[in-house]
Amino acid sequence: MSNDKLIAQLNELVSTYSVLYTKLHNYHWYVTGPSFFTLHEKFEELYNEITANLDEVAERILTKGGKPVATLKEHLELSRVQEASGSEKSEEMVQTIIDDFQSTMKLIKEAMEEAANQGDDRTEDMLNATFQSLEKHTWMLSAFLGK
(Lines give C-alpha, C1' and ligand atoms only; values in the text may rest on other atoms or scores of the structure.)
Protein backbone atom coordinates (compact mmCIF):
# COMPACT_ATOMS: atom_id res chain seq x y z
CA MET A 1 0.00 0.00 0.00
CA SER A 2 1.33 3.41 -0.98
CA ASN A 3 1.83 5.91 1.80
CA ASP A 4 1.72 8.94 -0.54
CA LYS A 5 -1.62 10.13 0.85
CA LEU A 6 -0.40 9.94 4.45
CA ILE A 7 2.86 11.72 3.58
CA ALA A 8 0.85 14.47 1.86
CA GLN A 9 -1.32 14.85 4.98
CA LEU A 10 1.75 14.92 7.21
CA ASN A 11 3.29 17.59 4.98
CA GLU A 12 0.11 19.61 5.30
CA LEU A 13 0.55 19.26 9.06
CA VAL A 14 4.22 20.36 8.82
CA SER A 15 3.08 23.46 6.96
CA THR A 16 0.24 24.13 9.39
CA TYR A 17 2.64 23.84 12.33
CA SER A 18 5.12 26.15 10.59
CA VAL A 19 2.51 28.87 10.13
CA LEU A 20 1.27 28.37 13.70
CA TYR A 21 4.84 28.68 14.97
CA THR A 22 5.21 32.06 13.28
CA LYS A 23 1.74 33.21 14.32
CA LEU A 24 2.35 32.30 17.96
CA HIS A 25 5.62 34.24 17.88
CA ASN A 26 3.75 37.22 16.46
CA TYR A 27 1.19 37.00 19.25
CA HIS A 28 3.92 36.48 21.86
CA TRP A 29 5.71 39.64 20.75
CA TYR A 30 2.68 41.84 20.15
CA VAL A 31 0.16 40.94 22.85
CA THR A 32 -0.71 43.91 25.07
CA GLY A 33 -3.18 44.76 27.77
CA PRO A 34 -4.19 43.35 31.14
CA SER A 35 -3.56 39.75 30.03
CA PHE A 36 -0.07 40.48 28.75
CA PHE A 37 1.89 38.44 31.31
CA THR A 38 -0.43 35.44 31.11
CA LEU A 39 -0.68 35.36 27.33
CA HIS A 40 2.95 36.28 26.64
CA GLU A 41 4.02 33.23 28.64
CA LYS A 42 1.28 30.98 27.21
CA PHE A 43 2.11 31.82 23.60
CA GLU A 44 5.76 31.00 24.26
CA GLU A 45 4.76 27.65 25.76
CA LEU A 46 2.60 26.93 22.71
CA TYR A 47 5.20 27.84 20.10
CA ASN A 48 7.77 25.68 21.89
CA GLU A 49 5.36 22.75 21.81
CA ILE A 50 4.50 23.38 18.17
CA THR A 51 8.23 23.36 17.36
CA ALA A 52 8.62 19.91 18.90
CA ASN A 53 5.52 18.65 17.07
CA LEU A 54 6.76 20.08 13.78
CA ASP A 55 10.10 18.34 14.12
CA GLU A 56 8.51 15.04 15.11
CA VAL A 57 6.17 15.04 12.11
CA ALA A 58 8.94 16.05 9.68
CA GLU A 59 11.15 13.26 10.99
CA ARG A 60 8.27 10.80 10.68
CA ILE A 61 7.91 11.79 7.02
CA LEU A 62 11.62 11.09 6.51
CA THR A 63 11.28 7.76 8.30
CA LYS A 64 8.50 6.81 5.90
CA GLY A 65 10.68 7.65 2.89
CA GLY A 66 9.10 11.03 2.16
CA LYS A 67 10.43 14.55 2.05
CA PRO A 68 9.05 17.17 4.43
CA VAL A 69 8.22 20.52 2.87
CA ALA A 70 10.69 23.11 4.05
CA THR A 71 10.07 26.46 2.38
CA LEU A 72 7.90 29.33 3.55
CA LYS A 73 6.19 29.41 0.15
CA GLU A 74 5.16 25.75 0.50
CA HIS A 75 4.05 26.27 4.09
CA LEU A 76 1.78 29.16 3.17
CA GLU A 77 0.31 27.18 0.26
CA LEU A 78 -0.34 23.98 2.23
CA SER A 79 -1.24 25.27 5.69
CA ARG A 80 -4.77 24.92 7.01
CA VAL A 81 -4.28 28.14 9.01
CA GLN A 82 -3.47 31.68 7.92
CA GLU A 83 -0.77 34.06 9.04
CA ALA A 84 -1.55 36.60 11.76
CA SER A 85 -2.87 39.87 10.43
CA GLY A 86 -0.84 41.83 12.95
CA SER A 87 -3.82 43.81 14.20
CA GLU A 88 -5.41 41.28 16.57
CA LYS A 89 -6.26 42.29 20.12
CA SER A 90 -5.48 39.82 22.91
CA GLU A 91 -8.89 38.10 22.98
CA GLU A 92 -8.90 37.87 19.18
CA MET A 93 -5.48 36.23 19.36
CA VAL A 94 -6.78 33.61 21.75
CA GLN A 95 -9.91 32.95 19.66
CA THR A 96 -7.82 32.66 16.52
CA ILE A 97 -5.54 30.11 18.18
CA ILE A 98 -8.59 28.13 19.32
CA ASP A 99 -9.91 28.14 15.75
CA ASP A 100 -6.48 27.22 14.37
CA PHE A 101 -6.07 24.37 16.85
CA GLN A 102 -9.50 23.05 15.88
CA SER A 103 -8.53 23.11 12.19
CA THR A 104 -5.25 21.41 13.05
CA MET A 105 -7.05 18.73 15.07
CA LYS A 106 -9.32 18.05 12.08
CA LEU A 107 -6.24 17.52 9.91
CA ILE A 108 -4.63 15.32 12.55
CA LYS A 109 -7.78 13.20 12.77
CA GLU A 110 -7.78 12.75 8.98
CA ALA A 111 -4.13 11.70 9.05
CA MET A 112 -4.79 9.34 11.97
CA GLU A 113 -7.56 7.68 9.97
CA GLU A 114 -5.23 7.26 6.99
CA ALA A 115 -2.48 5.89 9.23
CA ALA A 116 -4.99 3.40 10.68
CA ASN A 117 -6.06 2.38 7.15
CA GLN A 118 -2.41 1.69 6.37
CA GLY A 119 -1.83 -0.21 9.62
CA ASP A 120 0.73 2.41 10.67
CA ASP A 121 0.09 2.43 14.41
CA ARG A 122 3.32 4.35 15.13
CA THR A 123 2.21 7.37 13.12
CA GLU A 124 -1.30 7.04 14.52
CA ASP A 125 0.05 7.00 18.10
CA MET A 126 2.26 10.04 17.47
CA LEU A 127 -0.68 11.97 16.03
CA ASN A 128 -3.03 10.88 18.81
CA ALA A 129 -0.71 12.29 21.47
CA THR A 130 -0.53 15.60 19.60
CA PHE A 131 -4.30 15.67 19.14
CA GLN A 132 -4.85 15.21 22.87
CA SER A 133 -2.48 18.04 23.71
CA LEU A 134 -4.14 20.45 21.27
CA GLU A 135 -7.54 19.41 22.55
CA LYS A 136 -6.49 20.29 26.11
CA HIS A 137 -5.02 23.63 25.02
CA THR A 138 -8.25 24.41 23.15
CA TRP A 139 -10.27 23.71 26.28
CA MET A 140 -7.97 25.85 28.43
CA LEU A 141 -7.94 28.76 25.98
CA SER A 142 -11.73 28.58 25.71
CA ALA A 143 -11.95 28.71 29.52
CA PHE A 144 -9.65 31.75 29.45
CA LEU A 145 -12.24 33.47 27.23
CA GLY A 146 -15.07 32.34 29.52
CA LYS A 147 -16.53 29.96 26.96
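If you're wondering where the values come from, they're calculated on a predicted model, not measured in any experiment. (Residues numbered from 1 in each chain as written. Predicted model: local features only at pLDDT ≥ 70, side-chain atom pairs only at ≥ 80, totals over all residues. Heavy atoms only, no water.)

## Some remarks on the packing of aromatic side chains
Counted by the stated rule, this structure contains three aromatic pairs. Relative to phenylalanine 43, the ring of tyrosine 27 has its centre 5.7 Å away and its plane inclined at 55°; by these criteria the two rings are tilted. Linking tyrosine 27 in helix 1 (residues 4–30) with phenylalanine 43 in helix 2 (residues 36–63), this pair joins segments that are 16 residues apart in sequence. Look at tyrosine 27 and you get buried, because its relative accessible area is 0%. (Phe/Tyr/Trp six-rings, centres within 6.5 Å; stacked < 30°, edge-to-face > 60°. Helix = DSSP H or I, 4+ residues; strand = E, 2+ residues; numbered from the N terminus. Buried < 20%, exposed > 50% of the residue type's maximum accessible area, 1.4 Å probe, protein only.)

## Points about the packing of helix 2 against helix 4 (residues 90–117)
Angle between the axes and distance between the axes are the two parameters that describe a pair of packed helices. Contact geometry of helix 2 with helix 4 gives a least axis separation of 12 Å together with a crossing angle of 25°. Comparing their axes, helix 4 and helix 2 come out roughly parallel. You can see that helix 2 and helix 4 cross each other, and the crossing is left-handed. For the pair helix 2 and helix 4, contact is made by Leu39, Phe43, Leu46 and Ile50 and by Ser90, Met93, Val94, Ile97 and Phe101, respectively. (Axes fitted to C-alpha atoms, helices over the stretch in contact; angles between N-to-C directions. Parallel < 35°, antiparallel > 145°, perpendicular 65-115°, else oblique. Left-handed = near helix turned anticlockwise from the far one by under 90°. Contact = heavy atoms within 4.5 Å.)

## Here we look at the UniProt feature "domain: Ferritin/DPS" (unreviewed entry) in the protein
Residues annotated in UniProt with the feature "domain: Ferritin/DPS" (unreviewed entry) correspond here to residues 7–147. Across residues 7–147 one finds 79% helix and 0% strand; the C-alpha atoms that close the span lie 35 Å apart. (UniProt positions renumbered as here; feature names shortened; annotations may be inferred.)

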